[in-house]
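# Structural overview for review
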Amino acid sequence: MNKKIKTALISVFNKDQLQNLVQLLHSLDIRIYSTGGTQQFIEELGISCIAVESLTSYPSILGGRVKTLHPSVFGGILGRRDNEKDVEEMAQYNIPEIDLVIVDLYPFEETVRSTNDETAIIEKIDIGGPSMIRAAAKNYKDVTIIAAKKDYSELEKILREQNGETTLEQRKSFAIKAFDVCTGYNISISNYFNHAAFYNPFTSNKNILRYGENPHQAAVFYGNLGDNFIQLHGKELSYNNLADADAAIQLMSEFKVSPWGGDLNGAVFAIIKHTNVCGIAKRQTLKQAWEAALQGDTESAFGGVLIANSEIDKETAPAINELFFEVLIAPSFNENALEILKSKKNRILLQQKQNIPSTHQFKTVLNGLLTQQNDVGSYTDWIEAGKESTQTEKENLEFANIICKHLKSNAIALVKGNQLIGKGCGQTSRIDALRQAIEKARQFDFDLNEAVLASDAFFPFDDCVKIAHAAGITAFIQPGGSIRDKDSIEYCKQNNLVMVITGMRHFKH
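Before going into details, it helps to say that this report is about the structure given with it. (Residues numbered from 1 in each chain as written. Predicted model: local features only at pLDDT ≥ 70, side-chain atom pairs only at ≥ 80, totals over all residues. Heavy atoms only, no water.)

## As for the sheet that holds strand S22 (residues 475-478)
Read from one edge to the other, the open sheet built from six strands follows the order S18-S23-S22-S21-S19-S20, with strand pairing classed as mixed. The open sheet has two free edges, formed respectively by strand S18 (383-384) and strand S20 (420-424), since each of these has just one partner strand. As defined by bridge partners, strand S19 (residues 412-415) adjoins S20 across four bridges and the pair is classed as antiparallel. Within the sheet, the bridge partner assigned to isoleucine 412 lies in S20 and is glycine 424. The sheet strands contacting helix H18 (residues 485-494) are S22 and strand S23 (498-501), and the helix crosses S23 at an angle near 145°. (Pairing = 2+ DSSP bridges. Helix = DSSP H or I, 4+ residues; strand = E, 2+ residues; numbered from the N terminus. Contact = heavy atoms within 4.5 Å. Axes fitted to C-alpha atoms, helices over the stretch in contact; angles between N-to-C directions.)

So this is what it looks like as structure tokens:
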């Protein structure tokens, strides 16, 4: 059923984008009620409006904490136009019908981000605004609710095309959005008081993706991609692109990233496939890092997601351009390099902004939600349980340990010269992961002599160190914690091998 809007109540914190809407309401002879700063804003446009105080017979009190919380306001919003008793009571108490409610809430999240002053934060918990939003949304059969300024333009279009009327379907759609606004607002407040980081999809943009992991699966990304990247070129990011991009950024965050830090030891380039690292290397120049990363697994790199920790320069771009890849992420792109890489129209080029800190992970399981802290750090101890490691071995062990942390369990990473030369991941046994890693290294003709090995969890038996040693590997890093740790440690001691115990496991499922 269509409803003609005759009256509107406007109470907003942020006046941005409000002018055009107010002027349209005025042109449609819609009576406007308002409060405080919003009323002043409207009147400065030369448009008359009625102060809410004239309905309530009360001024704004308690420092502005109480303005609209009154039966004359909420009765006008909640009154059912087709309910005879509601209509009689509204007439008895001189309560006017309110057909449109426009609210913009106090900026609670923004205040939390900008200050630690608890008093200031508490004062930005909106009371009247959410109450009016919920009331109007509940009564969507009669009332239109606009709870976010991003919906102003949609309402303007509707009112122009429908001569000041809204349909039931349109009002219900706005009501759903309004309840989402309130839900998101409450989650933000709860997170603050609980010192929690429960993900809040209702305060993020809703991005409908082409499909999910597979074409038959619908998918949505809740988040503000513009906070993470500037997309310089290419098609829309897919579900799988986003998953791989997240894995790439998590991996690269382990290294000092240029230009907001700078890796003093050189450039790092990584290749991600299905969220696993298939190639990564650190070198003095980016081109050298790219070549070494690609050399680690030239087959898996096809169609992957690439990430660098420094600017993509004109020397490296032609080499990268020879490979088919989905996404390239870097802190910046040289102008000539960008021109080269734009030669493929669908290729996605992302300029990464400064890393946005994330403290927790979330996963739906069964009929609930799992949450955990992020896996921060790579080791708590550095215990040399075998032969003492050289400086070169230390660097390679730490590099391998970081890589292994970002592979699906069970995982083994083989490194030599700050280059991933073999990896086994997603295996049901550690020994299978090791065999896969050795086979991968041999497939691409790497010499395993004096290579190092990282394991994401402890060695339950000494079979892994024996097999690895037979292949030429001379240094190991693992968390320890097995009741049979001594077996692997003793073998390393007897054979003059390095064994570092970190005390930190890195399962990843």
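What follows continues from the structure just given.
## Concerning the side chain of glutamine 170
For glutamine 170, the position within the fold is in helix H10 (residues 168-194). There is a polar contact of 2.9 Å between the side chain of glutamine 170 and the backbone nitrogen of threonine 167. Residue contacts for glutamine 170: discarding those within four places in its chain leaves Ile158, Gln162 and Glu165. (Polar contact = N/O pair within 3.5 Å; in protein donor to acceptor, adjacent residues only side chain to side chain.)

## Some words on the nonpolar core
Core analysis: the largest hydrophobic core is formed by 50 residues, its most contacted members being Ile10, Leu25, Ile77, Val101, Ile102 and Ile145. Those residues within four positions of valine 101 in sequence are excluded, and the remaining contacts are Leu9, Ile77, Met132, Ala136, Val143, Thr144, Ile145 and Ile146. (Core = buried A, V, L, I, M, F, W, Y, C linked by side-chain atoms within 4.5 Å. Buried < 20%, exposed > 50% of the residue type's maximum accessible area, 1.4 Å probe, protein only.)

## Notes on unusual backbone geometry
In this structure, the amide linkage connecting serine 409 to the following residue, asparagine 410, adopts the cis form with an omega of -10°. The residue asparagine 410 is located in the loop between helix H15 (391-405) and S19 in this model. At glutamate 450, a residue that is not glycine, the phi angle is positive and equals roughly 70°. Residue position: glutamate 450 is located in the loop between helix H16 (430-443) and strand S21 (452-455). On the basis of relative accessibility, which here comes to 63%, the residue glutamate 450 falls in the exposed class. Positive phi is not limited to glycine here, since asparagine 496 has a value of about 60°. Among the structural elements, asparagine 496 can be located in the loop between H18 and S23. Residue classification places asparagine 496 among the exposed positions, given a relative accessible area of 51%.

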